[in-house]
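Examining the three-dimensional arrangement
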Amino acid sequence: MASCACYGNFLDNLRLYVRGGPGGMALPRLGGHGGNGGDVWVVATKNMTLKRIKDKYPLKRFQGGPGGNSSVRALKGERGKDEEIPAPVGITVTDDNGRVLGELNAEGDRVLVAKGGRGGTPYSAFEPKKGQAKQIRLDLKLIADLGLVGFPNAGKSSLLTALSNATPQIASYAFTTLRPEIGKLMYPDYKQISLADLPGLIEGAHMNRGMGHKFLKHVERTKQLLFVVDVTGFQLASKTPFRSAFEAVQLLTKELELYKEELVSKPALLAVNKMDLPDAEDKLEELEEQLQNPEAFTHLLPDDMIPNNFVTFRHVMPVSALTGFGVDCVKSCIRLSLDERAAMEMSTVHQEKLQALRHQLHEHL
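Criteria and thresholds
Residues numbered from 1 in each chain as written. Predicted model: local features only at pLDDT ≥ 70, side-chain atom pairs only at ≥ 80, totals over all residues. Heavy atoms only, no water. Helix = DSSP H or I, 4+ residues; strand = E, 2+ residues; numbered from the N terminus. Buried < 20%, exposed > 50% of the residue type's maximum accessible area, 1.4 Å probe, protein only. Contact = heavy atoms within 4.5 Å. Areas by Shrake-Rupley, 256 points an atom, 1.4 Å probe, with all protein chains shown as cover. Patch = residues over 30% accessible without salt bridge, like charges linked within 9 Å, V, L, I, M, F, W, Y side chains within 5 Å. Salt bridge = Lys/Arg side-chain N within 4 Å of Asp/Glu carboxyl O. Lys, Arg positive; Asp, Glu negative; His and termini not counted. Charge placed at Lys NZ, Arg CZ, Asp CG, Glu CD. 1 Å grid on protein atoms, 1.4 Å probe; cavity = no way out; pocket = protein on both sides within 12 Å on 5 of 7 lines; lining within 4 Å. Points joined across faces, edges and corners; volume = space filled by probe spheres on them. Axes fitted to C-alpha atoms, helices over the stretch in contact; angles between N-to-C directions. Parallel < 35°, antiparallel > 145°, perpendicular 65-115°, else oblique. Nonpolar A, V, L, I, M, F, W, Y, C, P; charged D, E, K, R; others polar. pLDDT = per-residue confidence, 0-100. Expected span 1.5 Å × (residues − 1). Disulfide = S-S within 2.5 Å. Pairing = 2+ DSSP bridges.

Naming follows an unreviewed UniProt entry, where the protein appears as GTP-binding protein 10 of Fundulus heteroclitus.

What follows is the structure, given as structure tokens:
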């Protein structure tokens, strides 16, 4: 029946039962029509969370109002009242077979999930119909301009704090030990850019090891990716091999690729963190050389972890979240990359409109 998945107090999906209202009875002797049953809608609502829905509606059942019966006083029965399920922005609504019914990307967006039954009419032998009934799933994907991607200990949280220190109120979703955080970058012209720090990926996340897979889906909605690596490399545990910064970049790419190939085609930037450590300059130089020609260094990686496509980073930015070195440069590069992308998209839309106008003119001539 209705179920949900949650980590600590944070829910990122919820299953609900929905049913359209039944149609109203007809009045055969006077040819009266019954009213249609009410529909069920999911509506994007401000300050709503899946946990609030679960707490407020513990039965997780929603039904449209019944259509009014036809009577001597009102031959046409009234339409049943629609039922609206409030939901957070950033929801994908699917049925139990995984078919997408719609998405809630902005406040006020609505998705019809169950139609009410038709009222009785002469065409249906005066028999009213029942409303549609089904199980639906609400899946939350965090929406942010930029998603931070990195293995544990790359210093993503510290970097997020350093970048968004103008607004220290980082929205924390109460995960157990892993929790996505949304930070806001503020610019002098009041432009704001949102950054989602997604919990550390673990090698094999695409296979659902650790909690990685549950969070890879949150990467899907970010416009661009910000890879964060430790310039000196990292080792997850004493039993796992040591990985250089170059290997970390390629393993992250592979994890994203194995989960969903299109993720790797998103515009990406690379923050090379912990530049305050000894030998950081030499290590950075080595990494930049390897990124210039990644194919020449694939022998450093296990065969099954070589990406099909290497990511070309728009900017490679040395930074130290600890000392603040390079933080302003990272902020500027993020802004530049997002602005360039937006201008490109605007230009494409503009070109398409011009083409359409030319086409219309051509038809009139």
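Once the structure has been displayed, the description carries forward.
Each helix and strand counted, the protein has six helices and 16 strands in total. A total of 365 residues make up the protein; the buried ones form 47% of that total. Restricting to contacts in the protein with at least 6 residues of sequence separation, those with at least 24 account for 72%. Carbon together with sulfur atoms contributes 53% to the accessible area of the protein, which is approximately 18,800 Å² in total.

In this section: a negative patch on the surface. Judged by side-chain charge, Asp279, Glu281, Asp282, Glu285, Glu286, Glu288 and Glu289 come together as a negatively charged surface patch. If you trace the backbone, Glu289 turns up in helix H5 (residues 280-292).

Another aspect to go through is empty space enclosed by the protein. Tallied over the entire structure, the rule returns two cavities of 30 Å³ or more. Of the volumes computed, that of the second largest cavity is approximately 40 Å³. What lines the second largest cavity is Gly150, Phe151, Pro152, Ala154, Val228, Val229, Asp230, Phe234, Ala248 and Leu252. Elements supplying a minimum of two residues to the lining of the second largest cavity: strand E14 (224-230) and helix H4 (245-259). Among the elements that take part in the lining of the second largest cavity, E14 stands out by supplying three residues, more than any other.

For the rest of this paragraph, the subject is the packing of H4 against H5. Between H4 and H5, the shortest axis-to-axis distance is 9 Å and the interhelical angle comes to 45 degrees. With respect to H5, the element H4 is oriented oblique. For the pair formed by H4 and H5, the contact residues are Ala245, Phe246, Val249 and Gln250 on the first element and Leu287, Gln290 and Leu291 on the second. Residue composition of the contact of H4 with H5, grouped by class: five nonpolar, two polar and no charged.

If you walk through the whole model with that rule in mind, you get 15 salt bridges. The salt bridge involving Asp96 is made with Arg15; its shortest N-O contact spans 2.7 Å. Here the residue Asp96 occupies a position in the loop between strand E6 (91-95) and strand E7 (100-104), and Arg15 occupies one in strand E2 (residues 10-19), the gap between them amounting to 81 residues. Ionic pairing is found between Asp82 and Arg79, a salt bridge with its closest N-O pair at 2.9 Å. Taking relative accessible area as the criterion, Asp82 reaches 26% and is therefore assigned partly exposed. Residues participating in the shared-partner salt-bridge network are Asp39, Arg79 and Asp82.

Below, the discussion takes up the confidence of the model for the protein. Summarising the model, the protein shows a mean pLDDT of 83, and 85% of its residues fall at 70 or more. The least confident element of the protein is strand E11 (residues 171-172), whose mean pLDDT is 37; the most confident is strand E4 (residues 61-63), at 97. Across residues 1-9, confidence stays below pLDDT 50; counting only partners more than four residues off in sequence or on other chains, it has 30 contacts. This model gives residues 166-178 a pLDDT under 50, and the stretch forms 32 contacts once residues within four places in sequence are excluded.

Once that is clear, we can look at H5. With 13 residues, H5 extends 18 Å from end C-alpha to end C-alpha; this agrees with the ideal 18 Å at 1.5 Å per step. Where the residues of H5 are buried, they touch H4, strand E15 (268-273) and strand E16 (316-318).

This next bit is on the state of the cysteines. Counted according to the given criterion, the structure contains zero disulfides. Of all cysteine sulfurs in the structure, the one in Cys333 sits closest to Cys329, which takes part in no disulfide; the separation is 4.1 Å.

Taking strand neighbours across the sheet as the criterion, the three strands line up as E5-E3-E8 in an open arrangement whose pairing is mixed. Both edges of this open sheet fall to strand E5 (83-87) and strand E8 (110-114), since each of them pairs with a single strand only. For this sheet, the mean angle separating the axes of adjacent strands, direction not counted, is 30 degrees. In the sheet, strand E3 (residues 40-44) pairs with E5 via five bridges, with the strands oriented parallel. The residue of E5 that forms the bridge with Ala44 is Ala87.

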